[in-house]
Amino acid sequence: MMGFCADPATVEGVKWWMCYLTTNTHISFYKSFLVVLALLALTAPLAMLLGFAGALARRSGIFPVSLIGHTYTSMVRGVPDIVFFLFIPIAMDQAFELTRHKILCPEVIGPVYQGNDFVVCTAAKLPLSTADAWVHTTYGFFLAAFGFAIVFGAFAANTIDGALSAVPKAQLETAAAYGMTKRQTFWQIHLPQMWGFALPGLSNLWMILVKATPLLFLLGVEDVVYWAGALGKTKTAAYFDYPHGDWRLGYFAMLLVFYLFVTWVSENFLSRMQAKFNTGQATIGGKKLPQGIAR
Amino acid sequence: MKRLLIGAAAIAFSTTITFADVVRMGTEGAYPPYNFINDAGEVDGFERDLGDKLCEIAELECTWVKNDWDSIIPNLVSGNYDTIIAGMSITEERDQVIDFTEEYFPADPSAYVSLSSADESVINGVIAAQTGTVQASYVASSGATLVEFKTPDETIAAVRSGEADAVLADDAFLKKFVEESGGELKFVGAKVPIGGGIGIGIRETDGELKAKLNSAIQAMKSDGSLNALIVKWFDGRDAPY
């Protein structure tokens, strides 16, 4: 922090703003934008992975596997997202702690659920109560990211499943006629052509994921929404160095700009991807391609 | 003799373990002067001073944890932290779910605040209160229309924007907002005595911690240091203990 900020009451004008915008709480606010981007960077690949696994499970010829696939996608798609966002982190946390409790402190015989209380031994706590604050934050963040991935994975599974079905059967029959094995057909013909069909659905899903990131706030992660609310609220001179009125509008406007920027970057990237996957494909998009590029 | 030494060593070892255990203090960080997040990003306020002092007396190592008000009890019982020290009044309903230490702040009457242009009758109109507070349940049963908000700050913003006619909250919380509003806000109507004193919320199964904190609170009451803290953070208050 700049030297002249030592006594905030005396600074004015530009200097006041320089001091105000570099307080520790503001630095945390700026960092929370990275938290949102980190969530996207972590959740998107994880959800894709779950999506693939889900789609392949659904299409599996082995009945129990396809049952698991169908159960996963129907259950997650049918239950309100928010229920899963709230349920998964709590359930996972308690499952981890319960397992650790059974392994690490077998000598404690009392029940873990005592009335309203969930009581595990000190050594089984996750993270340990002696851990630094950042460990607790990171742990919470990973639980949240996992919750997001499970929900969005189910939607991705449905999209990918649909796209796999949309690839013209003639393409696969031709591959078989050329003597390709099932595996070769899948990896070299079926999967590459699937992307063109899946991308509109997946890009939609990505945009929904971007919009859903403020739900992190509900899970106790201090994200952009938390900090915008905390910094924007009225600050009285009695307790704060930089008193001001209700500035939430300004802070939420910053979030608006941030999310619009992420949307703009995503749309550009996704339309390029779409053009790439459509190249040479016998789809409407593939045939329209020249105009698409000229744009 | 040897057995005795081993026994002594075992006791010494186990006590070190209990002492190394960190007590996580849960607070809201949005209710000055009780608790708030200062510009340095740390928990500050009356309860920060009090909590640190209690931990020192009880020889506990403590860290501070922020948690939203509406999930502050569920996250205590599921073990995310070990105490709630967030200006929480001791009430019958809460006492069924969690335990409380003895009070560290006496019962404080709640007050209504409205725009200066309003008259007395607004307290029967639309009243803003924070979700899950004693004030919210009071308004719900008083016949006025209740609008609830997640954070205390939003209740005041609602009065300023005209969404609510008045806000009902702890007198000490509202005081600075009224003083610094430049005449925009004023206290209205009579004060309402709701809720008991304020205590530290503890899990019902955590009797040991409760006993330690109780004796620390008693120590602070009898040596006058609790009074000193109250006078420091709540200006114009008499020493209650």
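Chemist: Please explain the environment of B:V77 as it appears in this structure.
Modeler: With respect to the secondary-structure elements, B:V77 resides in helix α3 (residues 72-77). Linking B:V77 and B:I202, residues 125 residues apart in sequence, is a C-alpha distance of 8.4 Å.

Chemist: Where do I start with the side chain of A:T25 in this structure?
Modeler: With respect to the helices and strands, the residue A:T25 is situated in helix α2 (residues 24-59). Since its relative accessible area comes to 6%, A:T25 is described here as buried. Among the polar contacts listed, one links the side chain of A:T25 to the side chain of A:T23, at a separation of 3.1 Å. Ignoring sequence-local partners within four residues, the contact set of A:T25 consists of A:W227, A:L231, B:I37, B:N38, B:D39 and B:G41.

Chemist: How should helix α4 (residues 81-104) of chain A be read in this particular structure?
Modeler: In an α-helix there are 3.6 residues to a turn, and that puts residues three or four apart on one side. Helix length check: α4(A) (24 residues) gives 34 Å between terminal C-alpha atoms against 34 Å at 1.5 Å per residue, within 8%. Of the surrounding elements, those touching the buried residues of α4(A) are α3 (63-78), β1 (113-114), β2 (117-118) and α5 (133-166) of chain A.

Chemist: Sorry, what's going on with the packing of helix α8 (residues 224-232) of chain A against helix α9 (residues 248-278) of chain A here?
Modeler: Residues and elements named next belong to chain A. Closest axis-to-axis distance for the α8/α9 pair is 7 Å, and the angle between their directions is 155°. What the angle tells us is that α8 and α9 run roughly antiparallel. The handedness of the crossing between α8 and α9 is right-handed. Each of V224, V225, A228, G229, L231 and G232 in α8 lies in contact with α9, whose residues at this interface are R248, Y251, F252, L255 and Y259.

Chemist: Teacher, can you tell me more about the sheet that holds strand β1 (residues 22-27) of chain B here?
Modeler: For sheets, the rule is that strands pair by backbone hydrogen bonds, running either parallel or antiparallel. Residue and element names in this part refer to chain B. In space, the five strands of this open sheet follow the order β5-β1-β6-β13-β7, with mixed pairing throughout. Strands at the two margins of the open sheet, each flanked by one partner only, are β5 (61-66) and β7 (99-100). Judged from the six bridges that link them, β1 and β5 form a sheet pairing that is parallel. Paired with V22 across the two strands is E61, which belongs to β5.

Chemist: Sorry if this is basic, but what is going on with empty space enclosed by the protein here?
Modeler: Where empty space is left in the structure can be found by rolling a water-sized probe over the atoms. All names here are of chain B. Taken as a whole and assessed by the stated rule, the structure comprises three cavities of 30 Å³ or more. In this structure, the largest cavity occupies an estimated 160 Å³ of space. Looking at the largest cavity, it is lined by 17 residues, and the ones nearest its centre are Y31, Q130, T133, Q135 and D170. The leading source of residues in the lining of the largest cavity is strand β11 (residues 166-170), at three residues. Residue classes in the lining of the largest cavity are distributed as eight nonpolar, six polar and three charged. Composition of the lining of the largest cavity by domain shows at least three residues from each of domain 1 (2-106 + 197-233) and domain 2 (110-192). Approximately 60 Å³ is the volume found for the second largest cavity. Considered class by class, the residues forming the lining of the second largest cavity number six nonpolar, one polar and two charged.

Chemist: What is the right way to look at the state of the cysteines in this model?
Modeler: Any covalent bond linking the sulfur atoms of two cysteines counts as a disulfide. Residues and elements named next belong to chain A. Throughout the structure, instances matching the rule amount to three disulfides over all chains. Disulfide partner of C105: C121, at an S-S distance of 1.6 Å. One end of the pair, C105, is in the loop between α4 and β1; the other, C121, is in the loop between β2 and α5, with 16 residues separating them in the sequence. Residues C105 and C121 agree in their burial class; the two are buried. Assigning the bonded cysteines of chain A consecutive numbers by sequence position, one obtains the connectivity 1-2, 3-4.

Chemist: Explain the interface of chain A and chain B here, please?
Modeler: How big an interface is tends to be reported as the loss of accessible area on association of its parts. Facing the 30 residues of chain A at the interface are 34 residues of chain B. Between chain A and chain B, a total of about 2,700 Å² is buried, with carbon and sulfur atoms accounting for 50% of that surface. If you sort the residues of chain A by the area they bury against chain B, A:N116, A:D117 and A:Y239 come out on top, with a joint share of 23%. Scanning the region where chain A abuts chain B turns up 13 residue pairs in polar contact (both at pLDDT 80 or more). Elements supplying a minimum of two residues to the side of chain A that touches chain B: α2, α4, β2 and α8 of chain A. The residue makeup of the side of chain A that touches chain B, split by class, is ten nonpolar, twelve polar and eight charged.

About the cut-offs
- Residues numbered from 1 in each chain as written.
- Chains lettered and ligands numbered in written order.
- Predicted model: local features only at pLDDT ≥ 70, side-chain atom pairs only at ≥ 80, totals over all residues.
- Heavy atoms only, no water.
- Helix = DSSP H or I, 4+ residues; strand = E, 2+ residues; numbered from the N terminus.
- Buried < 20%, exposed > 50% of the residue type's maximum accessible area, 1.4 Å probe, protein only.
- Polar contact = N/O pair within 3.5 Å; in protein donor to acceptor, adjacent residues only side chain to side chain.
- Contact = heavy atoms within 4.5 Å.
- Expected span 1.5 Å × (residues − 1).
- Axes fitted to C-alpha atoms, helices over the stretch in contact; angles between N-to-C directions.
- Parallel < 35°, antiparallel > 145°, perpendicular 65-115°, else oblique.
- Left-handed = near helix turned anticlockwise from the far one by under 90°.
- Pairing = 2+ DSSP bridges.
- 1 Å grid on protein atoms, 1.4 Å probe; cavity = no way out; pocket = protein on both sides within 12 Å on 5 of 7 lines; lining within 4 Å.
- Points joined across faces, edges and corners; volume = space filled by probe spheres on them.
- Nonpolar A, V, L, I, M, F, W, Y, C, P; charged D, E, K, R; others polar.
- Domains from an automatic or database assignment.
- Disulfide = S-S within 2.5 Å.
- Buried area = accessible area lost by both parts, 1.4 Å probe.

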